[in-house]
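Coordinates in review
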Amino acid sequence: MDKYEILKKYFGYDTFRNAQEILIDSILDGKDTLGIMPTGAGKSLCYQIPALMLGGITLVISPLISLMKDQVGSLNQAGIHAAFLNSSLTMNQYYKALGFARQGRYPIIYVAPERLVTDEFLDFALHSSIVMVAVDEAHCVSQWGQDFRPSYLKIIEFIDRLPKRPVVSAFTATATKEVREDIIDLLQMQSPTVMTTGFDRENLYFGVMAVKDRYASIRNYLDVHRGDSGIVYCLTRKQVEEVCERLATDGFSVTRYHAGLSDEERKKNQEDFIYDRAAVMISTNAFGMGIDKSNVRFVLHYGMPKNLESYYQEAGRAGRDGEAAECILYYHGRDVVTNQFLIEHSQDSQDLDPAVMGIIRERDQQRLKKMTFYCFTNDCLRDYILKYFGEYRGNYCGNCSNCLTQFEETDVTEIARALIGCVESSNQRYGTTVIVDTVHGASTAKIKNYRMNENPYYGSLAKIPVYRIRQVLNYLQMEDYLLVTNDDYAVVKLARRFKEILKEGKPLLMKLAKDTERAAKAERPGGKEGKRDVLSEGRDEGLFEKLRALRTEIAKEEKVPPYIVFSDKTLTHMCIVKPGNKQQMLSVTGVGEYKYEKYGERFLACIRANQAK
Ligand code: ADP
Ligand code: MG
Ligand code: ZN
């Protein structure tokens, strides 16, 4: 079978996505291959398809047990023999699986990196034909990455011991140069084909909301999206507990996940979410790597993460099936302080020497700044993210909260001059609150204490609302007129361009949302009127619900998550095509021959019964 036939027969898809084919061909040519693609782009197929064509055993190295189980489950559902070898198996199960592996029963075997150089495993590997080692989540090998796993360093030790060097392929969603170079070096990849695909995820809507009551906003969002599966990321364990409890009390189907829970509870909650028994997962960033749940319809951030890498990775867990999904960040000024604290007290790089640690801290502060600017910008959010990852393109996407808001150029020179003047005249000693309170003319104890009520700019912006003053203050930071120091005091200082406004009298224009639009913007993401997917627009909801129920029933029988039986996208497509026979059913995206044999008739019957009434 060629790669197209395999794609159709086992996975039920008609075409490859852009980079997949190049990566697959490179592997089939026997070249080392590195694929850098965003979450949901379809990296797994890039090593799974060649694995079926190379005529030996492919070992897939993967960092998480849950991920292996999921992937192997999917492959088995598609009719491909695969197994995993990790610590979740009992001794008995492990030896049994290894026994089948020796007989050559599995073309694809998922292995935990720490197993590789154990005696039993080496004995198996030395007596088998290992044709490829595919390293998934390859950024785990790099100390620069956020998920460094020392056990990943064993991979090369293992490869070195094999009698014949296999093809080495590696895949990650982390795009930075340092990480990419580390992967190539540490895995000793030999003149690899490197393919980076566009980082854009067109089906994702991006939004930033600065709201007073985050809880209320999120609750409203969940209310309008009842029945949809989603994730709410919180910054701390405590926040997870609070938000989860309140939502549960308010009658939502939620579960929770963070590193402080027992192993059993984490496992149970994760499965409840994956099997659609709980609609919404409330979690810290500990949740998600390796979760391939394809029907996550929204990812909300109850607070700003520490950098855009994390944000994009977490948000990217929405809409893996390619259907429309929403990623909304609910921002609050305090998030910066919380993150600063997390960076200062990070345990991640404890065993590094102080100099390196200093560099890493500084880098983290810079990243946090860029993340903060994402929350302030009035330009296209998608464009902001893509630029951060080094991609340049148009600055209007039409599917983010900024592109959907009407802005007008507003002259903010007066506000800017007062703010910069206030900072200068008070000798760059105070934080943002004191500065804003001074120009606004507040009479707090602090202001009097610091004698800021005697400052020449005191009360000069008394008529301007505080939120507007803060917006301009943020903008001044983004544009390099002012800066806020990274230390504990967060003092506002003059930055490179301050003179342009204060001394040279240049005007400052800023894009601001039209006031009438503000209300509309705040409403939008919660409402159904937002841009939903074109595909799901015309679908017959009654039929969709019936197909979904049938999917749940089958998933229970098979003991797999529902989306592994068929994705939401496949069900939606069925509702549109309304197949009446086998051939039509096979034209539905995601329906391969093997799955057709197993469930095709039942879905056909369901569609027929629906037509008949
Ligand atoms: P990644 O590992 O890059 O995050 P996955 O390999 O988990 O992504 O794939 C994400 C989703 O995309 C899966 O549901 C997968 O079945 C689907 N997919 C992959 N390749 C294709 C394709 N060529 N056509 C349609 N769907 C695809
Ligand atoms: Mg993956
Ligand atoms: Zn946009």
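Every value quoted in this text rests on a predicted model; they were computed, and no experiment measured them.

Glancing now at the coordination of the zinc ion (ligand 3). Looking at the zinc ion (ligand 3), the protein donor atoms are C380 (SG), C397 (SG), C400 (SG) and C403 (SG), and they sit 2.3 to 2.4 Å from it. Here the zinc ion (ligand 3) binds four donor atoms, and the angle range of 102 to 119 degrees at the metal identifies the geometry as tetrahedral. Counting gaps between the donor residues of the zinc ion (ligand 3) yields the pattern C-x16-C-x2-C-x2-C. Remark: C403 occurs in the loop between α15 (381–388) and β14 (407–411) and C380 occurs in the loop between α14 (354–376) and α15; sequence separation between them is 23 residues.

Turning our eyes to something else, we now look at the site of ligand 1. With respect to spatial proximity, 15 residues lie near ligand 1, and among them Y13, Q20, G40, K43 and S44 are the closest. Contact between ligand 1 and A41: an oxygen atom at 3.5 Å from a main-chain N or O atom of the residue. Measuring from an oxygen atom of ligand 1, one finds a side-chain N or O atom of R320 at 2.9 Å. Its free accessible area being 570 Å², ligand 1 has 82% of it covered by the protein chains. Here the shell around ligand 1 is composed, by residue class, of five nonpolar, six polar and four charged.

All chains considered together, the criterion is met by zero disulfides. Lacking any disulfide linkage, C244 is separated from the closest cysteine sulfur, that of C234, by 8.8 Å. For C244, a relative accessible area of 9% puts it in the buried group.

Our focus in this paragraph is the nonpolar core. Counting residues in each nonpolar core, the largest one holds 103 residues, and the members touching the most others are F121, F158, F206, Y374, M574 and F603. If sequence neighbours within four positions are ignored, F206 has contacts with Y311, Y312, A315, C327, Y374, L381, R382, I385, N399, C400 and S401.

Right, let's talk about the sheet that holds strand β12 (residues 296–302) for a bit. One open sheet holds the six strands; their spatial order is β8-β13-β12-β9-β11-β10, and the pairing between them is parallel. Of all strands in the sheet, those bounded by a partner on one side alone are β8 (204–210) and β10 (254–257). Here the strands of the sheet are splayed against their neighbours by 15 degrees on average, with no regard to which way each runs. Inspection of the sheet shows β10 paired to strand β11 (residues 280–283) by four bridges, in the parallel sense.

On average, residues of the protein chain score 89 in pLDDT, and 94% of them are at 70 or above. Contacts for the low-pLDDT stretch residues 516–534, under 50 throughout, to residues beyond four places or in other chains number 39 contacts.

As a further point, take the sheet that holds strand β7 (residues 193–196). Taken in spatial order, the seven strands line up as β3-β4-β2-β5-β6-β1-β7 in an open sheet, and their pairing is parallel. What marks the edges here is a single partner per strand, and that holds for β3 (82–85) and β7. When the angles between neighbouring strand axes are averaged without regard to direction, this sheet yields 15 degrees. With four bridges joining them, strand β1 (residues 33–36) and strand β6 (residues 167–172) adopt parallel strand pairing. What sits directly across from L34, in β6, is A170. Helix-sheet contacts for helix α4 (residues 65–77) involve β3 and β4 (108–111), and the interaxial angle to β3 is about 165 degrees. The strands that helix α7 (residues 154–161) touches are β2 (57–61), β5 (130–135) and β6; relative to β5, the one it contacts most, it runs at about 170 degrees.

This paragraph deals with the packing of helix α12 (residues 308–315) against α14. Interhelical geometry of α12 versus α14 gives an angle of 55 degrees and a closest axis separation of 8 Å. For the element pair α12 / α14, the angle class is oblique. Contacts between α12 and α14 involve L308, E309 and Y311 from the first element and R367, K370, M371 and Y374 from the second. A breakdown of the residues in the contact of α12 with α14 according to their chemical character gives four nonpolar, no polar and three charged.

The geometry of two aromatic rings is summed up by the distance between their centres and the angle between their planes. By the definition in use, this model includes 20 aromatic pairs. Taking 6.5 Å as the distance between ring centres and 85 degrees as the angle between the ring planes, the aromatic pair formed by F100 and Y106 counts as edge-to-face. Judged by its relative accessible area of 25%, F100 falls in the partly exposed class. With 5.8 Å between their ring centres and 45 degrees between their planes, F121 and F158 make a pair best called tilted.

Moving on: the environment of V436. As for its placement among the helices and strands, V436 is situated in helix α17 (residues 432–440). The class of V436 is buried, set by a relative accessible area of 1%.

With that settled, consider unusual backbone geometry. Leaving glycine aside, a negative phi is the common case for residues, and trans is the common case for peptide bonds. Non-glycine residue K559 carries a positive phi angle of around 55 degrees. On the secondary structure map, K559 appears in the loop between α23 (541–558) and α24 (562–565). Backbone geometry at K578 places phi at a positive 45 degrees, although glycine is not the residue there. Structurally, the position occupied by K578 is in the loop between α25 (568–577) and α26 (582–586). Judged by its relative accessible area of 27%, K578 is partly exposed.

Here we come to α14. The terminal C-alpha atoms of α14 lie 33 Å apart, and with 23 residues this matches the ideal 33 Å at 1.5 Å per residue to within 8%. All of the buried residues in α14 are I360, R363, D364, Q365, R367, L368, M371, T372, F373, Y374, C375 and F376. Lining the buried residues of α14 we find β8, α12, β13 (325–331), α13 (334–344), α15 and α19 (466–478).

About the thresholds
- Residues numbered from 1 in each chain as written.
- Chains lettered and ligands numbered in written order.
- Predicted model: local features only at pLDDT ≥ 70, side-chain atom pairs only at ≥ 80, totals over all residues.
- Heavy atoms only, no water.
- Donors = N, O, S within 2.8 Å, 3.2 Å for Na, K, Ca; no water.
- Tetrahedral: all angles 85-135°; square planar, octahedral: opposite > 155°, others 65-115°.
- Helix = DSSP H or I, 4+ residues; strand = E, 2+ residues; numbered from the N terminus.
- Near = heavy atom within 4 Å.
- Polar contact = N/O pair within 3.5 Å; in protein donor to acceptor, adjacent residues only side chain to side chain.
- Areas by Shrake-Rupley, 256 points an atom, 1.4 Å probe, with all protein chains shown as cover.
- Nonpolar A, V, L, I, M, F, W, Y, C, P; charged D, E, K, R; others polar.
- Disulfide = S-S within 2.5 Å.
- Buried < 20%, exposed > 50% of the residue type's maximum accessible area, 1.4 Å probe, protein only.
- Core = buried A, V, L, I, M, F, W, Y, C linked by side-chain atoms within 4.5 Å.
- Contact = heavy atoms within 4.5 Å.
- Pairing = 2+ DSSP bridges.
- Axes fitted to C-alpha atoms, helices over the stretch in contact; angles between N-to-C directions.
- pLDDT = per-residue confidence, 0-100.
- Parallel < 35°, antiparallel > 145°, perpendicular 65-115°, else oblique.
- Phe/Tyr/Trp six-rings, centres within 6.5 Å; stacked < 30°, edge-to-face > 60°.
- Expected span 1.5 Å × (residues − 1).

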